[in-house]
Amino acid sequence: MRFLNLFIMVCEKWELRFSMRKARDYREFMQYVADNFSDKLLMLILEKLELLRKDPLKYAREKLGKDKYNNPMFSIEVTRDIRILYSVDSKNCIVFIWEIGSHKKVYGHDP
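Keep in mind it's a predicted model, so treat the numbers as computed, not measured.

1. Digging into the pairing of strand β5 (residues 94–102)
(1) Moving on: Within β5, eight of the nine residues are buried, which leaves the element mostly enclosed by the surrounding structure.
(2) Moving on: Bridging between strand β1 (residues 15–18) and β5 involves four bridges; their strand directions are parallel. Note on β5: the bridge partner recorded for Glu15 is Ile94.
(3) Moving on: Sheet topology note: the strand β4 (residues 82–89)/β5 ladder contains eight bridges and is antiparallel. What sits directly across from Asp89, in β5, is Ile94.

Below you can see the structure in the form of structure tokens.
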């Protein structure tokens, strides 16, 4: 009888990395969000980032293929129309933020 050992990575805290064209770090991301969204949306976006930092897979809305590093991509809903597109590198406990915006901007089409 053979036993298969599975190793599941459990991350206590995930690191956020910003891979957007207009924001490559947290400071640039916050500037982009402040320039493009209302204060109310800014607070909702920060809440969603904190959820992603705690457990990005728990809040994944749907699996959307793979990123350029072959990590699974997901989205999290900020509002009915606003999404954050992200991918998860579970081996290194990294969440890559790829895009934020309307459904059309993030997915390339209307719902």
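What follows continues from the structure just given.
2. With respect to the sheet that holds β4
Note: strands within a sheet are paired through backbone hydrogen bonds, in either parallel or antiparallel orientation.
(1) Moving on: As summarised here, the arrangement of the five strands in space is β1-β5-β4-β3-β2, forming an open sheet in which the pairing is mixed. At either end of the open sheet lies a strand with only one pairing partner, and these are β1 and β2 (63–66). On average, each strand axis in the sheet is tilted by 35 degrees relative to the strand beside it, whichever way the strands run.
(2) Moving on: In the packing of helix α1 (residues 26–36) onto the sheet, the strands contacted are β1 and β5, and the crossing angle to β5 comes to about 15 degrees.
(3) Moving on: Against the sheet, helix α2 (residues 39–54) engages β1, β3 (72–77), β4 and β5, with an angle of about 20 degrees to β4.

3. Things to note about the pattern of salt bridges
(1) Moving on: Enumeration over the complete set of coordinates arrives at three salt bridges.
(2) Moving on: Of the charged contacts, one joins Arg17 and Glu15 as a salt bridge, the two residues approaching to 2.9 Å between their closest N and O atoms.
(3) Moving on: Residue classification places Arg17 among the partly exposed residues on the basis of a relative accessible area of 36%.
(4) Moving on: Between Arg83 and Glu77 there is a salt bridge, and its shortest N-O distance comes to 3.7 Å.
(5) Moving on: For Arg83, a relative accessible area of 4% puts it in the buried group.

4. Remarks on the side chain of Ser87
(1) Moving on: With respect to the secondary-structure elements, Ser87 resides in strand β4.
(2) Moving on: Judged by relative accessible area, Ser87 falls into the buried class, the value being 0%.
(3) Moving on: Of the polar contacts made by the side chain of Ser87, one reaches the side chain of Asp67; its length is 2.6 Å.

5. Points about the nonpolar core
(1) Moving on: Counting 27 residues, the largest nonpolar core has Phe29, Ile45, Ile84, Ile97 and Ile100 as its most contacted members.
(2) Moving on: Elements supplying a minimum of two residues to this core: β1, α1, α2, β3, β4 and β5.
(3) Moving on: The biggest single contributor to this core is α2, with five residues.
(4) Moving on: With seven residues, the next largest nonpolar core counts Met73, Leu85, Ile94 and Trp98 among its residues.

Definitions and limits used
Residues numbered from 1 in each chain as written. Predicted model: local features only at pLDDT ≥ 70, side-chain atom pairs only at ≥ 80, totals over all residues. Heavy atoms only, no water. Buried < 20%, exposed > 50% of the residue type's maximum accessible area, 1.4 Å probe, protein only. Helix = DSSP H or I, 4+ residues; strand = E, 2+ residues; numbered from the N terminus. Pairing = 2+ DSSP bridges. Axes fitted to C-alpha atoms, helices over the stretch in contact; angles between N-to-C directions. Contact = heavy atoms within 4.5 Å. Salt bridge = Lys/Arg side-chain N within 4 Å of Asp/Glu carboxyl O. Polar contact = N/O pair within 3.5 Å; in protein donor to acceptor, adjacent residues only side chain to side chain. Core = buried A, V, L, I, M, F, W, Y, C linked by side-chain atoms within 4.5 Å.

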